Amino acid sequence: MAGEPQPDCLFCKIVSGDIPATVVHETETTVAFRDINPQAPTHVLVIPKAHYPDAQTLAVAEPQIAADVLNEAGRVAAQDTIDGTGYRIVFNTGSGAGQTVFHAHAHVLGGRGLNWPPG
Ligand code: AMP
Ligand code: ZN
């Protein structure tokens, strides 16, 4: 069924606690944790607890949870005090754009200057 945990999904295993993560905030519908290979002083991933392969499928199936993910991204930025200097929320979508984990996630990046356009 849509949204159900997938046995081979890394982020579903973080949601279930089978794989440890440095969780910075959790809600009924989302988990936010530090990226294992940070690309900036703040690099947090915000994921829905439900499994959807990318941001678009999440937004179509569960628009409120997609909104929760965005809301949490802003909350995490404020928690790490990067909201004043600015931060970036990225949803890599598709392998050609660098998506490697096919469970929807927002990258929250900040704490250093960020180039535009991104590479
Ligand atoms: P993406 O390439 O957009 O799919 O992002 C996947 C992200 O997950 C990458 O930035 C990885 O560094 C990160 N990542 C992979 N495994 C873990 C893990 N066990 N804990 C935290 N972050 C992870
Ligand atoms: Zn998953």
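Look up: the structure comes first, before these words.
Model, not experiment: these values are computed from the prediction.

Engineer: Mind laying out the nonpolar core, listing which residues take part and the relevant values?
Structural biologist: One broad trend across soluble globular proteins is that nonpolar side chains are buried collectively. Grouped together as the largest cluster of nonpolar side chains are 17 residues, with contacts concentrated most on Ala32, Val44, Val46, Leu58 and Val108. Among the secondary structure elements, those contributing two or more residues to this core are strand S3 (42–48), helix H3 (63–79) and strand S5 (106–110). If one sorts the elements of this core by residue count, H3 sits on top with 6 residues. Once you skip the residues sitting within four places of it in the chain, leucine 58 turns out to touch Pro48, Tyr52, Pro63, Ile65, Ala66, Val69 and Ala104. Formed by 9 residues, the second largest nonpolar core is a distinct cluster that contains Cys9, Ile14, Val31 and Val101.

Engineer: An account of the pairing of S5 is needed here, citing residue identities and associated values.
Structural biologist: Within S5, 5 of the 5 residues are buried, which leaves it mostly tucked inside the rest of the structure. The alternating pattern of S5 places Ala106, Val108 and Gly110 and His107 and Leu109 on opposite faces, both of which are buried. Looking at chain direction, S3 and S5 are connected through 5 bridges and run antiparallel. For valine 44, the partnering residue across the bridge sits in S5 and is valine 108. In this structure, strand S4 (residues 87–90) lies alongside S5, joined through 4 bridges in antiparallel fashion. Across the sheet, the residue bridging to arginine 88 is leucine 109, located in S5.

Engineer: So what's going on with the site of ligand 1? Residues and values would help.
Structural biologist: If you check the shell around ligand 1, you find 16 residues, and the closest are Asp35, Asn92, Gly98, Thr100 and His107. Within the backbone of isoleucine 36, one N or O atom sits 3.2 Å away from a nitrogen atom of ligand 1. Residue asparagine 92 places a side-chain N or O atom 2.9 Å away from an oxygen atom belonging to ligand 1. Taking 510 Å² as the accessible area of ligand 1 by itself, protein coverage stands at 84%. Among the elements of the structure, helix H1 (10–16) and strand S2 (30–34) are those that each provide at least two residues to the shell around ligand 1. Sorting elements by how many residues they give to the shell around ligand 1 places H1 first, with 3 residues.

Calculation criteria
Residues numbered from 1 in each chain as written. Chains lettered and ligands numbered in written order. Predicted model: local features only at pLDDT ≥ 70, side-chain atom pairs only at ≥ 80, totals over all residues. Heavy atoms only, no water. Core = buried A, V, L, I, M, F, W, Y, C linked by side-chain atoms within 4.5 Å. Buried < 20%, exposed > 50% of the residue type's maximum accessible area, 1.4 Å probe, protein only. Helix = DSSP H or I, 4+ residues; strand = E, 2+ residues; numbered from the N terminus. Contact = heavy atoms within 4.5 Å. Pairing = 2+ DSSP bridges. Near = heavy atom within 4 Å. Polar contact = N/O pair within 3.5 Å; in protein donor to acceptor, adjacent residues only side chain to side chain. Areas by Shrake-Rupley, 256 points an atom, 1.4 Å probe, with all protein chains shown as cover.

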